[in-house]
Amino acid sequence: MVLALLLSQSKYLFLSGIITALPILTLINMGMQMKNMKADTFHTVLQNTVFGAVGMLLFTVLAFLLTNWYKPGIAVMSALVVYAVFMLCGKYMMSIVS
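The text that follows walks through the structure, step by step, so that each part is easy to find.

What counts and how
Residues numbered from 1 in each chain as written. Predicted model: local features only at pLDDT ≥ 70, side-chain atom pairs only at ≥ 80, totals over all residues. Heavy atoms only, no water. Helix = DSSP H or I, 4+ residues; strand = E, 2+ residues; numbered from the N terminus. Expected span 1.5 Å × (residues − 1). Contact = heavy atoms within 4.5 Å. Axes fitted to C-alpha atoms, helices over the stretch in contact; angles between N-to-C directions. Parallel < 35°, antiparallel > 145°, perpendicular 65-115°, else oblique. Left-handed = near helix turned anticlockwise from the far one by under 90°. Nonpolar A, V, L, I, M, F, W, Y, C, P; charged D, E, K, R; others polar.

1. What to know about the environment of Pro23
Thought 1: Counting through the fold element by element, Pro23 comes out in helix 2 (residues 13-36).
Thought 2: Separated by 30 residues in the primary sequence, Pro23 and Ala53 place their C-alpha atoms 9.9 Å from one another.

2. Remarks on helix 4 (residues 72-97)
Thought 1: In this model helix 4 runs 37 Å from its N-terminal to its C-terminal C-alpha over 26 residues, within 8% of the 38 Å that 1.5 Å per residue would give.
Thought 2: Those residues of helix 4 hidden inside the fold are in contact with helix 3 (39-66).

3. Considering the packing of helix 3 against helix 4
Thought 1: Between helix 3 and helix 4, whose axes approach to 8 Å, the crossing angle comes to 155°. Overall, the two elements helix 3 and helix 4 adopt an arrangement that is roughly antiparallel. The chirality of how helix 3 crosses helix 4 is right-handed. Where helix 3 approaches helix 4, its residues Gln47, Asn48, Phe51, Gly52, Val54, Gly55, Met56, Leu58, Phe59, Leu62, Ala63 and Leu66 are matched on the opposing element by Ala75, Val76, Ser78, Ala79, Leu80, Val82, Tyr83, Phe86, Met87, Gly90 and Met94.
Thought 2: Among the residues making up the contact of helix 3 with helix 4, the classes are represented as 17 nonpolar, six polar and no charged.

Structure (C-alpha cells):
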C-alpha cells in the first residue's frame, strides 16, 4: 500500500493504475475461486496465485525501473517479456514439483 501511495504521486501514471488494479482483481478472483472450487483445488490455485503475484510485482518493478532508461512503451514491453519468461519458467517448475 505504501508503494501504491508513492506511485500515485509520481509522474508515471500508468504504474499507479497497475498498482491500483492488482488488489481489486485479486479479491474478485479469490472470491470466485472460493465459491466454485474444492479445497484441494483451491490450495493448488492459491500456490499459483502467489507465484503470479510475485510475477506481477516483478513486472511492476521492472516497468518502473526501466522507465528511467527507456521510453515508457519500450519499458513496459520489456517488462512484459521478462514477466512472460518468468511465468513460463514458473509453470515448468511447478509442473516438476507437483
